[in-house]
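# Per-entry structural report
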Amino acid sequence: MANYKLTFCYDGTRYRGWQNQNNVTNTIQHKMEMVLSDILHEPTSLQASGRTDAGVHAHMQVANFHSSQDLETDKILSQLRHQLPQDIGALILEKAPDDFHARLNCTGKTYRYFLWNSEDPCVFQRRYRTVLTEPLDLVSMQNAATLFLGTHDFSAFTSSRNKKHSSVRTIRDITIRKEGPEIIMEYSADGFLYNMVRILTGSLIEVGLGEKTKEDLIDALESGIRADAGFTAPPQGLFLWNVEY
């Protein structure tokens, strides 16, 4: 039994997210497992570093899979690149230790959110940017973002209703910068909750618009109540950017 580590990227526009769902075949996981099963001539299951929502993209995602065959990685990679649709790209395939697990061994992730903050038309990148024409106060957003650094209970910043798992996460870094008409928000942490990056982004956008204050975000962290945080930012501006092991 061989264990393979696959690094890949995808445009999530036309998919219902990463994870397989009941009676839903339009997921990235389903598409990739079908192609791999065809290449390997055996049922193949992928375990990814984490889930991405419908419409969210991945600049870098990592998964592992097992096969009863010990095949050359170059040959599998070549066939993957040939058979996968154009919006999913196989980047690197390598042998992994038997106990490697893409999710359980992951030590950190980085997401980037791209915001088109201009009245100029966003024609060519509209699938990969969230458009907001109102001006934003970047200094207030940057100051508010420091509240999230470190280890906190992010119950107010997730859409998940599952209380069985911990909502505590450690955010190592948040940067917010402007490049031309774009604002790029980058989050690095040991892990993220369901919709967490999108809700953090929505909260910081509301600060930038003057609709929330830094104190409001402190209250949300303390209350753990979803309604106290900001809106869930749209998916198309979000990319899983890097996965660490």
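As a reminder, the structure under discussion sits directly above these lines.
As the structure is a prediction and not an experimental result, all values here were calculated from the model.

Take the overall build of the protein next. Across its full length, the protein holds five helices and 10 strands. Here the C-alpha radius of gyration of the protein, 19 Å, is about what a compact globule of 245 residues would show, namely 18 Å. Per-residue burial over the protein gives 51% buried out of 245 residues. Nonlocal contacts in the protein, meaning residues at least 24 apart in sequence, comprise 72% of its contacts between residues at least 6 apart.

Take the packing of helix 1 (residues 28-40) against helix 2 (residues 73-83) next. Where helix 1 contacts helix 2, the axes come no closer than 10 Å and their chain directions differ by 130 degrees. Overall, the two elements helix 1 and helix 2 adopt an arrangement that is oblique. Viewed along their axes, helix 1 and helix 2 form a crossing whose handedness is right-handed. Of helix 2, the residues touching helix 1 (which contributes Val 35, Leu 36, Asp 38, Ile 39 and Leu 40) are Ile 76, Gln 79, Leu 80 and Gln 83.

Attention now moves to the side chain of Ser 49. Mapped onto the elements, Ser 49 comes out in the loop between strand 2 (47-48) and strand 3 (57-67). Each residue touching Ser 49, except ones within four places of it in the same chain, is listed here: Gln 61, Val 62, Ala 102, Arg 103, Lys 109, Leu 240, Val 243 and Tyr 245.

Here the focus is the side chain of Ser 118. Among the secondary structure elements, Ser 118 is positioned in the loop between strand 5 (108-116) and strand 6 (130-131). In terms of polar contacts, Ser 118 uses its side chain to reach the backbone amide nitrogen of Asp 120, at 2.9 Å. With sequence-adjacent residues up to four places away left out, Ser 118 is seen in contact with Leu 132, Thr 133 and Pro 181.

Attention now goes to the packing of helix 3 (residues 138-145) against helix 4 (residues 196-208). At a minimum axis separation of 8 Å, helix 3 and helix 4 run at an interaxial angle of 135 degrees. On the basis of the axis angle, helix 3 is oblique to helix 4. Note that helix 3 runs across helix 4; the crossing there is right-handed. Where helix 3 abuts helix 4, its residues Ser 140, Met 141, Ala 144 and Ala 145 lie against Leu 204, Ile 205, Val 207 and Gly 208. Of the residues contributing to the contact of helix 3 with helix 4, the split by class is six nonpolar, two polar and no charged.

This brings us to the pattern of salt bridges. For the structure on display, the rule yields eight salt bridges. Its salt-bridge partner being Asp 70, residue Lys 95 comes within 2.4 Å of it at the nearest N-O pair. Here Lys 95, found in strand 4 (residues 88-96), pairs with Asp 70, found in the loop between strand 3 and helix 2; they are 25 residues apart in sequence, far enough to count as distant. The class for Lys 95 is partly exposed, based on a relative accessible area of 44%. Notably, a salt bridge pairs Glu 206 with Lys 212, separated by 3.7 Å at the nearest N-O pair.

Calculation criteria
Residues numbered from 1 in each chain as written. Predicted model: local features only at pLDDT ≥ 70, side-chain atom pairs only at ≥ 80, totals over all residues. Heavy atoms only, no water. Helix = DSSP H or I, 4+ residues; strand = E, 2+ residues; numbered from the N terminus. Rg over C-alpha atoms; globule rule 2.2 N^0.38 Å. Buried < 20%, exposed > 50% of the residue type's maximum accessible area, 1.4 Å probe, protein only. Contact = heavy atoms within 4.5 Å. Axes fitted to C-alpha atoms, helices over the stretch in contact; angles between N-to-C directions. Parallel < 35°, antiparallel > 145°, perpendicular 65-115°, else oblique. Left-handed = near helix turned anticlockwise from the far one by under 90°. Polar contact = N/O pair within 3.5 Å; in protein donor to acceptor, adjacent residues only side chain to side chain. Nonpolar A, V, L, I, M, F, W, Y, C, P; charged D, E, K, R; others polar. Salt bridge = Lys/Arg side-chain N within 4 Å of Asp/Glu carboxyl O.

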